[in-house]
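Next come the chains, spelled out residue by residue.
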Amino acid sequence: MKAAPYTELLEQVRTLCQQDRASAPEAIVALLHQRLEGWDWVGWYLTDPADPRMLVLGPYRGAATDHTHIPFGRGIWGRRPNAPRASWCWM
């Protein structure tokens, strides 16, 4: 996918965020899974409200995974939350 299609895709993601923030994560996952060739898994890991030091698997598309809970500091995604925070719908 060249830059122009990514620009169009970004605009679609922005629109999804503006339309309904509650359903945006699922809609964005569906959009990306459909549009990004070669990506066989797209999803979100979210902070567990019951344990703020744990990530839980949120909406995703692709093969099932055993990685439904990831402690902060473990693995690629578990290390990421220690980086500066960003909102998923910041656009």
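Below is a summary of the structure that appears in this document.

Calculation rules
- Within any chain, residue numbers begin from 1 and follow the written order of that chain's sequence.
- Confidence filtering applies because this is a predicted model: local features only for residues at pLDDT of at least 70, side-chain atom pairs given and counted only at 80 or more, and all residues used for totals across whole chains, interfaces and linings.
- Hydrogens are left out, water is left out, and the side-chain values use all remaining heavy atoms of the structure.
- Note on pairing: DSSP must find at least two bridges between two strands before they are called paired.
- Per the convention used, a helix needs a DSSP run of H or I reaching at least four residues, while a strand needs a run of E reaching at least two, with both numbered from the N terminus.
- Throughout, an axis means a line fitted to C-alpha atoms (over the contacting stretch in the case of helices), and angles, computed between N-to-C directions, take values from 0 to 180 degrees.
- Every residue pair with non-hydrogen atoms within 4.5 Å of one another is taken to be in contact.
- Put simply, a salt bridge is a Lys or Arg side-chain nitrogen that is within 4 Å of an Asp or Glu carboxyl oxygen.
- Exposure is judged per residue with a 1.4 Å probe applied to protein chains only, and the accessible area is read against the type maximum: over 50% gives exposed, under 20% gives buried, and values in between give partly exposed.
- Under the pairing criterion, centres of Phe, Tyr and Trp rings, with the six-membered ring standing for Trp, must be within 6.5 Å; the plane angle then separates stacked pairs below 30 degrees from edge-to-face pairs above 60, leaving the rest tilted.
- Expected helix span is given by 1.5 Å per residue-to-residue step, counting one fewer step than there are residues.
- Here the arc refers to the directions that run from the helix axis out to each C-beta atom.

Looking at the sheet that holds strand β2 (residues 51–62)
Part 1 of the argument: Taken together, three strands build an open sheet; the order of strands is β1-β2-β3 and the sheet is antiparallel. The open sheet is flanked by β1 (41–48) and β3 (69–71), the only strands paired with a single partner. Strand-to-strand twist of the sheet, defined as the mean angle between neighbouring strand axes without regard to direction, takes the value 30°.
Part 2 of the argument: Summarising the sheet, β1 and β2 pair through seven bridges and their orientation is antiparallel. When the bridges of β2 are listed, tyrosine 45 appears paired with leucine 57.
Part 3 of the argument: Across the sheet, helix α2 (residues 24–35) touches β1 and β2, and the angle it forms with β2 is around 45°.

Here we look at the pattern of salt bridges
Part 1 of the argument: By the definition in use, this model includes three salt bridges.
Part 2 of the argument: A salt bridge links glutamate 8 to arginine 35, with the nearest nitrogen and oxygen atoms 3.9 Å apart. Separated by 27 residues along the polypeptide, glutamate 8 in helix α1 (residues 3–19) and arginine 35 in helix α2 bring together distant segments of the chain.
Part 3 of the argument: On the basis of relative accessibility, which here comes to 45%, the residue glutamate 8 falls in the partly exposed class.
Part 4 of the argument: Classification of arginine 35 by relative accessible area gives partly exposed; the value is 22%.
Part 5 of the argument: The salt bridge involving glutamate 26 is made with arginine 61; its shortest N-O contact spans 2.7 Å. Linking glutamate 26 in helix α2 with arginine 61 in strand β2, this pair joins segments that are 35 residues apart in sequence.
Part 6 of the argument: Its relative accessible area of 33% is what places glutamate 26 among the partly exposed residues.

Things to note about the packing of aromatic side chains
Part 1 of the argument: Evaluated as defined, the whole model comprises two aromatic pairs.
Part 2 of the argument: On the numbers, 6.2 Å between centres and 20° between planes, the contact of tryptophan 41 with tyrosine 45 is stacked.
Part 3 of the argument: Centroid distance tryptophan 41 to tyrosine 60: 5.4 Å. Interplanar angle 20°. Geometry classified as stacked. One end of the pair, tryptophan 41, is in strand β1; the other, tyrosine 60, is in strand β2, and 19 residues separate them in sequence.

Remarks on α2
Part 1 of the argument: With twelve residues, α2 should cover 16 Å at 1.5 Å per step; its first-to-last C-alpha distance of 16 Å lies within 8% of that length.
Part 2 of the argument: Inspection of α2 places Ala24, Pro25, Ile28, Val29, Leu31 and Leu32 among the buried residues, and these make up the whole buried set. Looking straight down α2, one finds its buried side chains confined to an arc of 165°; they lie on one side.

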